[in-house]
Amino acid sequence: MNINQNINKLLYALKQKGQIYKINSFQFYSKKNDKYCTKYQVLRKTTEEIWSLDKNKPEYIERYVQDYECYSKVELMKYFMKEYKGMG
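A brief report on the enclosed structure follows. (Residues numbered from 1 in each chain as written. Predicted model: local features only at pLDDT ≥ 70, side-chain atom pairs only at ≥ 80, totals over all residues. Heavy atoms only, no water.)

Topic: the overall build of the chain
Turning to step 1, where the next piece is worked out: A count of helical and extended segments in the chain gives two helices and three strands.
Turning to step 2, where the next piece is worked out: Relative to its length of 88 residues, the chain is extended, with a C-alpha radius of gyration of 17 Å against a globular reference of 12 Å.
Turning to step 3, where the next piece is worked out: Across its three principal axes, the chain shows a C-alpha extent of roughly 55 × 35 × 15 Å.
Turning to step 4, where the next piece is worked out: In the chain, once contacts between residues fewer than 6 apart in sequence are set aside, the share between residues at least 24 apart is 46%.
Turning to step 5, where the next piece is worked out: Here the chain has roughly 6900 Å² of accessible surface; of this, 49% comes from carbon and sulfur atoms.
Turning to step 6, where the next piece is worked out: Separation of charge centres in the chain, based on 17 positive and 10 negative side chains, amounts to 9 Å. (Helix = DSSP H or I, 4+ residues; strand = E, 2+ residues; numbered from the N terminus. Rg over C-alpha atoms; globule rule 2.2 N^0.38 Å. Contact = heavy atoms within 4.5 Å. Areas by Shrake-Rupley, 256 points an atom, 1.4 Å probe, with all protein chains shown as cover. Lys, Arg positive; Asp, Glu negative; His and termini not counted. Charge placed at Lys NZ, Arg CZ, Asp CG, Glu CD.)

As C-alpha cells, this is what we get:
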C-alpha cells in the first residue's frame, strides 16, 4: 500500500470523526538543493459563530485555517496519524 492510499484512508477516517482537512501543494525551485521541491499545506475546516446586529440569532461561517506545513508525504501521513490517535 502506498503513501497516497494511507493518507486518503486517514483523511476518510478523520472525516468520519467530524474533522475535515484540505491539502494544498506548491512546487518551487530550491537553489540549495538545485531541484524542484513540493511544499504541502494542511488546512482544517472550522466553523465560526458570528452574531449580527440585525438578527438575534448567530450565523455560522465555515472556513479553512492553516494547521500544518511540511515538505514530504511521509511527514504528512505522520501528522494525520497523530491527529487520528489524538481523537481517541
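Notes on the packing of helix 1 (residues 3-16) against helix 2 (residues 73-86)
Turning to step 1, where the next piece is worked out: Where helix 1 contacts helix 2, the two axes come as close as 10 Å, and the packing angle between them is 25 degrees. When the axes of helix 1 and helix 2 are compared, the pair comes out roughly parallel. The two elements helix 1 and helix 2 cross, and the hand of that crossing is left-handed. Of the residues in helix 2, those touching helix 1 at I3, N4, N6, I7, L10, L11, A13 and L14 are K73, V74, L76, M77, F80, M81, E83 and Y84.
Turning to step 2, where the next piece is worked out: Tallied by class, the residues present in the contact of helix 1 with helix 2 amount to twelve nonpolar, two polar and two charged. (Axes fitted to C-alpha atoms, helices over the stretch in contact; angles between N-to-C directions. Parallel < 35°, antiparallel > 145°, perpendicular 65-115°, else oblique. Left-handed = near helix turned anticlockwise from the far one by under 90°. Nonpolar A, V, L, I, M, F, W, Y, C, P; charged D, E, K, R; others polar.)

Thoughts on the packing of aromatic side chains
Turning to step 1, where the next piece is worked out: Inspection of every chain in the model, using the stated rule, returns five aromatic pairs.
Turning to step 2, where the next piece is worked out: Taken together through their ring pairs, the aromatic side chains of Y21, Y68, Y79 and F80 make up a single cluster.
Turning to step 3, where the next piece is worked out: Against the face of Y64 rests K22, its NZ or CZ located 4.5 Å from the ring centre. (Phe/Tyr/Trp six-rings, centres within 6.5 Å; stacked < 30°, edge-to-face > 60°. Lys NZ or Arg CZ within 6 Å of the ring centre and 35° of its normal.)

As for the sheet that holds strand 3 (residues 58-70)
Turning to step 1, where the next piece is worked out: Spatially, the three strands line up as an open sheet ordered 1-2-3, and their pairing is antiparallel. Both outer strands of the open sheet, strand 1 (21-30) and strand 3, are each paired with one neighbouring strand and no more. The sheet shows a mean angle of 30 degrees between the axes of neighbouring strands, taken without regard to direction.
Turning to step 2, where the next piece is worked out: In this structure, strand 1 lies alongside strand 2 (residues 35-51), joined through ten bridges in antiparallel fashion. (Pairing = 2+ DSSP bridges.)

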